[in-house]
Amino acid sequence: METAEEFIRSAKDNLEKERYKASLDHSIDAVIAANDAFTIFFIEQIPSTDHKEAISLHKEAGKKVGENKANEIALLLEERHRRTYRSVPVTGNLAEITLKKSQRFLEWVKSKIA
């Protein structure tokens, strides 16, 4: 979770400095890192760089706690693909919303692995 927290701090810093695309990217990197922690904790597996595998392993790990956030992860990854891999602008509002969603996901993971 240390890596996830570092990405959240970077996302906040980027948001404050109006680097919205970097903020969005690091917010979602935090989700990826937190998901890695979640899957390692519950099923002792870490996804490759394949996002579909990450979602699949998340669902499997989620069975251990009776819930999962696969839809949220998928939406965030899709947003990242649409915004950060292309020359598409990211607004401050979108960066802020993404940061909040990412923070909620991290808090959820922490509550499950505590």
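The coordinates are above.
Being a predicted model, the structure only gives us computed values, none of them experimental.

### Examining the overall build of the protein chain
- A tally of helices and strands in the protein chain yields five helices and zero strands.
- In terms of overall dimensions, the protein chain is globule-like: its C-alpha atoms have a radius of gyration of 14 Å, near the 13 Å expected for 114 residues.
- Along the three orthogonal principal directions, the C-alpha set of the protein chain runs to about 40 × 25 × 20 Å.
- Counting over 114 residues, the protein chain shows a buried share of 41%.
- Sequence separation of 24 or more characterises 61% of the internal contacts of the protein chain that already satisfy a separation of 6 or more.
- For the protein chain, the exposed area adds up to about 6600 Å²; of that, 49% sits on carbon and sulfur atoms.
- Across the protein chain, 19 positive and 19 negative side-chain charges occur, with their mean positions spaced 5 Å apart.

### Considering the side chain of Asp 29
- Here Asp 29 shows up in helix H2 (residues 20–43).
- Residue Asp 29 is classed as buried on the basis of its relative accessible area of 14%.
- The residues touching Asp 29, leaving out its near neighbours within four places in the chain, are Phe 7 and Arg 80.

### Quick look at H2
- The terminal C-alpha atoms of H2 lie 34 Å apart, and with 24 residues this matches the ideal 34 Å at 1.5 Å per residue to within 8%.
- For H2, the tally of buried residues reaches 17 of 24 residues, placing the bulk of the element in the interior.

### Looking at the pattern of salt bridges
- Counted under the stated rule, the structure contains 11 salt bridges.
- One salt bridge connects Asp 29 with Arg 80, and the closest N-O pair in it is separated by 2.7 Å. With Asp 29 in helix H2 and Arg 80 in helix H4 (residues 70–84), this residue pair connects regions lying 51 residues apart in the sequence.
- Given the relative accessible area of 10%, Arg 80 is considered buried.
- Lys 110 serves as the salt-bridge partner of Glu 107, at 3.3 Å between the closest nitrogen and oxygen. Taken together, the positions of Glu 107 and Lys 110, both in helix H5 (residues 92–113) and three residues apart, correspond to about one turn of that helix.
- In the salt-bridge network here, residues are joined through shared partners; they are Glu 78, Glu 79, Arg 82 and Arg 83.

### Considerations on helix H3 (residues 51–62)
- For H3, spanning 12 residues, the distance from its first C-alpha to its last is 16 Å, which sits close to the expected 16 Å at 1.5 Å a residue.
- Every buried residue of H3 is listed here: Ala 54, Ile 55, Leu 57, His 58, Ala 61 and Gly 62. Taken end-on, H3 shows its buried residues confined to a sector of 165 degrees, consistent with a single buried face.
- Looking at the buried residues of H3, the elements they touch are H2, H4 and H5.
- Its side-chain oxygen 2.9 Å from the backbone nitrogen of Lys 52, Asp 50 forms the N-cap of H3.

Conventions and cut-offs
- All residue numbers refer to position in the chain's written sequence, counted from 1.
- Per-residue local features are limited, in this predicted model, to residues with pLDDT of at least 70; the limit for side-chain atom pairs, both in listing and counting, is 80 or more; totals at the level of whole chains, interfaces and linings are taken over all residues.
- Side-chain figures throughout are based on the complete set of non-hydrogen atoms in the structure, without hydrogens or water.
- Helix and strand labels come from DSSP, where a helix needs a run of H or I of at least four residues and a strand needs a run of E of at least two; each type is numbered from the N terminus.
- Computation of the radius of gyration draws on C-alpha atoms, with the globule rule given as 2.2 Å multiplied by the number of residues to the power 0.38.
- Three labels apply to residues, based on accessible area from a 1.4 Å probe with only protein chains included: buried if under 20% of the type maximum, exposed if over 50%, partly exposed otherwise in between.
- In what follows, a contact means two residues having at least one pair of non-hydrogen atoms within 4.5 Å.
- Here the accessible surface of atoms and residues is derived via Shrake-Rupley with a 1.4 Å probe, and residues count as covered only by protein chains that are part of the display.
- Positive charges come from Lys and Arg alone, negative charges from Asp and Glu alone, with His and the N- and C-terminal ends not counted.
- For the purpose of locating charges, the reference atoms are NZ of Lys, CZ of Arg, CG of Asp and CD of Glu.
- A helix is expected to span 1.5 Å for every residue after the first.
- A pair is scored as a salt bridge if a Lys or Arg side-chain nitrogen falls within 4 Å of a carboxyl oxygen belonging to Asp or Glu.
- Read the arc as the range of directions from the helix axis to the C-beta atoms.
- In protein, a polar contact requires one atom able to donate a hydrogen and another able to accept it; more generally it is a pair of N or O atoms within 3.5 Å, and residues adjacent in sequence count only if both atoms are side-chain atoms.

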